[in-house]
Number of protein chains: 2
Amino acid sequence: MGSDYGIPRDLSTLQKARSFYKPLLPPCLQGTTVRVEFGDATTAADPSGAQAISQSFPHTYGQPLAHFLKPTSIVPDAQIINDHPAIKVGVVFCGRQSPGGHNVVWGLHEALKIHNSSSTLLGFLGGSEGLFAQKTLEITDDVLATYKNQGGYDLLGRSRDQIRTSEQVNAAMAACNALKLDGLIIVGGVTSNTDAAHLAETFSQAKCSTKVVGVPVTLNGDLKNQFVEANVGFDTVCKVDSQLISNLCTDALSAEKYYYFVRLMGQKASHVALECTLQSHPNMVILGEEVVASKLTIFDLTKQICDAVQARAEKEKYHGVVLLPEGLIESIPEVYGLLKEIHRFLRQESDDSAQLSQIETEKLLAVLVEAEMSKRLKEGTYKGKKFTAICHFLGYQARGSLPSKFDCDYAYVLGHICYHILAAGLNGYMATVTNLKNSLSKWRCGAAPITAMMAVKDYGSASGSITIGRPVVHPAIVDLRGRVYEVLRQNATKFLMDDVYRNPGPLQYDGPGAESRTVSLCIEDLDYMGRIKELNVYLDKVRSIVKPGCSQDILKAALSAMSSVMDILSVMSSPSNGNI
Amino acid sequence: MGSDYGIPRDLSTLQKARSFYKPLLPPCLQGTTVRVEFGDATTAADPSGAQAISQSFPHTYGQPLAHFLKPTSIVPDAQIINDHPAIKVGVVFCGRQSPGGHNVVWGLHEALKIHNSSSTLLGFLGGSEGLFAQKTLEITDDVLATYKNQGGYDLLGRSRDQIRTSEQVNAAMAACNALKLDGLIIVGGVTSNTDAAHLAETFSQAKCSTKVVGVPVTLNGDLKNQFVEANVGFDTVCKVDSQLISNLCTDALSAEKYYYFVRLMGQKASHVALECTLQSHPNMVILGEEVVASKLTIFDLTKQICDAVQARAEKEKYHGVVLLPEGLIESIPEVYGLLKEIHRFLRQESDDSAQLSQIETEKLLAVLVEAEMSKRLKEGTYKGKKFTAICHFLGYQARGSLPSKFDCDYAYVLGHICYHILAAGLNGYMATVTNLKNSLSKWRCGAAPITAMMAVKDYGSASGSITIGRPVVHPAIVDLRGRVYEVLRQNATKFLMDDVYRNPGPLQYDGPGAESRTVSLCIEDLDYMGRIKELNVYLDKVRSIVKPGCSQDILKAALSAMSSVMDILSVMSSPSNGNI
């Protein structure tokens, strides 16, 4: 572990310009007053797991949603917090580095200092290892100067992901007690946020006064649920990857002799591959979720690609680009069993269970396709030119990138929200922003209990069957009935045959494209939190219209309408209809 | 070969914005008059080869330099061309695609139409194969619309590079005759421009009226000499590669557990690797030129890297980034002989002699370093953590990129110059722009006979010895006595030990960084053409001062001074002192 964390560094012209950029704050986070409104108590999305989750998290399950309000909102029940004692907070990076992570630290630091200049922020050095070992760096303006809006996690470093064994949990608690932390902010993905929920529960049980807050930062984009629309890092990584995929498409079309097989980092779920496909329009993508749903074997996949190559050859096209998500390999049934064994073995020595990034699926498939095409050529069923594949793995090149404007803003705002959560005295919550596809001034800021994002059933396993385990925040897989996937299906044939390649170009910070969002974010039907609020408005209206003294007819109409609403909802929420 | 060249396509927001960008023209190319001033007859840089070159090129060797002048220049001998008959020109892409190539076509088309709207431009489809087969597409504004400032060669495609065998040369001549071309523009690197010179000579000999013009477009950046400062594509490719290398540096520093071994496309010379090192400050780079100069074996290289890894481990650093140029492998003496054999074999079936891009040097070295580190660990001479390398090859991802502003401008201007060369009736010339490190309005446009860039001696061979062959434009290798390399040497230790990583960031088209040039271009001591002009000013001044009628003393002083100038120059230009 290096000893030079947080040292100032020489920046390039662009890095310097970026270091001077300061994201705005949505109205609800402006000023020095924290205004919080609590919603109803939360439940788990899958009602069948609610019981199990509540048993595992007796102190932190069922807490209400929290909404942070702008000064002009008139909400009678809102809690107004004007008193801000100095507090001491720790922050730790967990898991794979994602562009924007540094801005969570910056936003949090800003918020702490705005509300009380005596508050302090400690960064744990070297990830969770640094937490256990109580190795800290005090975050100051000077320390942050050359890390604002910059990529990587090198301000603090990272190490192993997990805070899971009792030894680790106890070490974390000992650190929080020793350092007298009022809050511990955990920056990471599904695993780290599950760990955050467990820590919160354990701390609460043990009367440790440190509140634990999670922040959704993961390039995989798989920490998605009714409360979380997007993850910090996903936007940047998809943009950098798409640029490179598009460059490969242009290259393929210019030389007309190669097929590029491109594997994309993104863990089990195929969100990165799906987004990049919608950005770049490569000829083909095979999502892990499709493979699971159709129970495709490696032979099926080979045949599918070979048929595509052959169809293109008939149009005299001997080039192409095929995307393969990192998680594809463990979606293939016959590989799944084998990988489970390897997982078990690797877990003993590594944090990244399965080290998926090291399995060269793209090469495996390229070799199989090449062999099959040669066979077809010999048999005379294929009459085109020799098939040649060149393989790429995109991941490491992207996750160290300067973050996009969106990720800079999103992370910075999440950092501010972390302070608001602590000011409201909440424990076991995740910072959330909704309405993200709109401009920053319309973003809605809030917090949701992490336990409300948990489930005991795992719908994402490769076997296609549903497995039941301990409550965790599961990675959200690509919804094959969702809008984003639908757009892909509608365009798949055109993408395959017509080379309608599109290049989003390099990440821009000024001019056209600088404010762009991911395609997924723009077309997904999100804003759950917005709808919750909208529903409350309806309920309040009903209540204000149907006050004692209203006519019998109005009361009857209201009763009858509400009764049918209840009928519909009871049927939909019964365990046998549990949706993901 | 696809049949849909030049079709309009859907562009992303940024692509669209770029397609509306129109580069400016330097003053010397503005308006509808071509003003050309001829310099002295050219010679070859290496005087010892002059005789051989002049014998191979009796019709095209020794032609004068040409400078294109702005309207305000007062040069009595300048040729003013106001009459612009309609002409017919063909353009062909040769060799590896380089970002910006499309803008040569655009600039040329614009210049043709400005000077005579009846002139036509034909693009050959599918590279030199299309030239031989006389497959053309007429370039129009509509065809160009979605290809302006866009990457790749997909407007026209490319195939094999060479126009070299008598069969190929005759096919090219037959095409030019059949299509009644006044000019043939060859867009490519050292090989293609050598071919252009041979075509020009053959055409001249055979009284074929088509004039041949070369354009320096190669991502390798190795078509450099006294007349050519930079190549189209190099700027973009280095910027895209540097961005990715910097991302890997940030990634390495964040995770602190991997060494990234990164091989860079760029053929035999190490210009791309050197430029990227100066942009990104990775820990280490091994230039092919250093290996040749020091006759390093693969064992030496392994040891060098292992010693670096060990030195870093002593500072508790277990991560790093090592750059390896594509040409490194053939710079290693023991590999060179073997590769020569493979070359000979491959040349029978491929244009890219040696398919360097397919040899995974980075993996070879990673394996050797890993083995050596394990050995040292066992022997107890190394006491650090296990060495882990992850390998990357950057090339295909970069060369399809949207071109940088610099490459857009440079290529567009070169396209215009091609027309000026044809208008001046020149054959066997290359379009040149000098003073490139300054702003576009100060660029100097001209043309130089390709034969003046040729040599018979090859100083770049891996054996370190000088080989003599037929006259060709040799790739310029990195000058180990030059300023750019000196900057690398001065910083090498700091780069190795201090992790002073720098991220130029993604290519920008607006705001900070959009106008940046490569480090190499900025610090190299270029502007040969500027100095030629400056020298002529001195000579003219001497002539005007020492006119008949001046005093005897002045005449004596002039004679004495000029005589010593001559003494110095004769010694320096004698064949035994021939410099590269």
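Remember, predicted model here, so these are calculated numbers, not experimental data.

Conventions used here
- Residues numbered from 1 in each chain as written.
- Chains lettered and ligands numbered in written order.
- Predicted model: local features only at pLDDT ≥ 70, side-chain atom pairs only at ≥ 80, totals over all residues.
- Heavy atoms only, no water.
- Helix = DSSP H or I, 4+ residues; strand = E, 2+ residues; numbered from the N terminus.
- Rg over C-alpha atoms; globule rule 2.2 N^0.38 Å.
- Contact = heavy atoms within 4.5 Å.
- Areas by Shrake-Rupley, 256 points an atom, 1.4 Å probe, with all protein chains shown as cover.
- Lys, Arg positive; Asp, Glu negative; His and termini not counted.
- Charge placed at Lys NZ, Arg CZ, Asp CG, Glu CD.
- pLDDT = per-residue confidence, 0-100.
- Least-squares fit on C-alpha atoms with pLDDT ≥ 70 in both.
- Buried area = accessible area lost by both parts, 1.4 Å probe.
- Salt bridge = Lys/Arg side-chain N within 4 Å of Asp/Glu carboxyl O.
- Axes fitted to C-alpha atoms, helices over the stretch in contact; angles between N-to-C directions.
- Parallel < 35°, antiparallel > 145°, perpendicular 65-115°, else oblique.
- Left-handed = near helix turned anticlockwise from the far one by under 90°.
- Nonpolar A, V, L, I, M, F, W, Y, C, P; charged D, E, K, R; others polar.
- Expected span 1.5 Å × (residues − 1).
- Buried < 20%, exposed > 50% of the residue type's maximum accessible area, 1.4 Å probe, protein only.
- Polar contact = N/O pair within 3.5 Å; in protein donor to acceptor, adjacent residues only side chain to side chain.
- Pairing = 2+ DSSP bridges.

Caption draft 1: Seen up close, the overall build of chain A. On a plain count of helices and strands, chain A comes out with 19 helices and 16 strands. For a compact globule of 580 residues, the expected C-alpha radius of gyration is about 25 Å, and chain A comes in at 25 Å, within 12% of that figure. Over its C-alpha atoms, taken along the principal directions, chain A stretches across nearly 80 × 70 × 50 Å. The long-range fraction of contacts in chain A, counting pairs at least 24 apart against all pairs at least 6 apart in sequence, stands at 80%. Surface summary for chain A: the accessible area is close to 22400 Å², and the carbon and sulfur share equals 55%. Of the charged side chains in chain A, 56 are positive and 59 negative; the average position of the first set lies 2 Å away from that of the second.

Caption draft 2: Molecular detail of the confidence of the model for chain A. Model confidence for chain A is summarised by a mean pLDDT of 90, while 94% of its residues fall at 70 or above. Here the predicted complex scores 0.88 on pTM and 0.85 on ipTM.

Caption draft 3: Region of interest: the relation of the copies chain B and chain A. Superposing chain B onto chain A takes a rotation of 180° combined with a translation of 0.0 Å along the rotation axis, leaving an RMSD of 0.1 Å. Taken together, the rotation angle and the small translation identify this as a two-fold axis.

Caption draft 4: Geometry of the interface of chain B and chain A. With 63 residues of chain B in contact, the opposing surface of chain A contributes 63 residues. Summed over both sides, the interface of chain B with chain A buries roughly 5100 Å², with 49% coming from carbon and sulfur. Among the residues of chain B in contact with chain A, B:Ser254, B:Tyr396 and B:Gln397 are the three that bury the most area, contributing 11% of the side total. Notably, a salt bridge pairs B:Arg399 with A:Asp251, separated by 2.4 Å at the nearest N-O pair.

Caption draft 5: A look at the packing of helix α11 (residues 298–314) of chain B against helix α13 (residues 361–379) of chain B. All names here are of chain B. Contact geometry of α11 with α13 gives a least axis separation of 9 Å together with a crossing angle of 60°. Here α11 lies oblique to α13, going by the angle between them. In the crossing of α11 with α13, the sense of the turn from one axis to the other is right-handed. Contacts from Ile298, Leu301, Thr302, Lys303, Ile305, Cys306, Asp307, Val309 and Gln310 in α11 reach Leu364, Leu365, Leu368, Val369, Glu372, Met373 and Arg376 in α13. In the contact of α11 with α13, the residues fall into 10 nonpolar, 2 polar and 4 charged.

Caption draft 6: Molecular detail of helix α11 (residues 298–314) of chain A. All names here are of chain A. The first and last C-alpha atoms of α11 sit 24 Å apart over 17 residues, in line with the 24 Å expected at 1.5 Å per residue. Taken as a whole, α11 has its buried residues at Ile298, Leu301, Thr302, Ile305, Cys306, Ala308, Val309, Gln310, Arg312 and Ala313. Glu316 lies just past α11 and shows a positive phi near 60°.

Caption draft 7: A look at the pattern of salt bridges. All names here are of chain A. One pass over the full model with this rule turns up 40 salt bridges over all chains. Two residues, Glu370 and Lys386, come together in a salt bridge whose shortest N-O distance is 3.8 Å. Residue Glu370 is located in helix α13 (residues 361–379), and its partner Lys386 is located in the loop between α13 and β12 (389–394); the two are separated by 16 residues in the primary sequence. The exposure class of Lys386 is exposed, given its relative accessible area of 59%. Salt-bridge contacts for Lys375 lead to Glu372; the nearest nitrogen and oxygen are separated by 3.8 Å. Separated by 3 residues within a single helix, Lys375 and Glu372 lie in helix α13, roughly one turn from each other. Looking at Glu372, the relative accessible area reads 18%, which means it is buried. One salt-bridge network, in which partners are shared between bridges, spans Lys303, Asp307, Glu372, Lys375, Arg376 and Glu379.

Caption draft 8: Up close: the side chain of B:Glu326. Residues and elements named next belong to chain B. With respect to the element layout, Glu326 can be found in the loop between β11 (320–325) and α12 (333–346). Of note is the side chain of Glu326, whose polar atom sits 2.7 Å from the backbone nitrogen of Gly266. A distance of 2.6 Å separates the side chain of Glu326 from the backbone nitrogen of Gln267, its partner in a polar contact.

Caption draft 9: Structural detail: the sheet that holds strand β4 (residues 88–93) of chain B. Residues and elements named next belong to chain B. With mixed pairing, 10 strands are arranged side by side in an open sheet as β3-β1-β2-β14-β13-β8-β7-β4-β5-β6. Of all the strands in the sheet, the pair left with one neighbour each is β3 (79–81) and β6 (136–138). The average angle at which neighbouring strand axes cross in this sheet is 30°, direction not considered. Here 6 bridges tie strand β13 (residues 429–434) to strand β14 (residues 444–449), and the two strands are oriented antiparallel to one another. In the strand pairing of β14, Thr432 is matched with Gly446.

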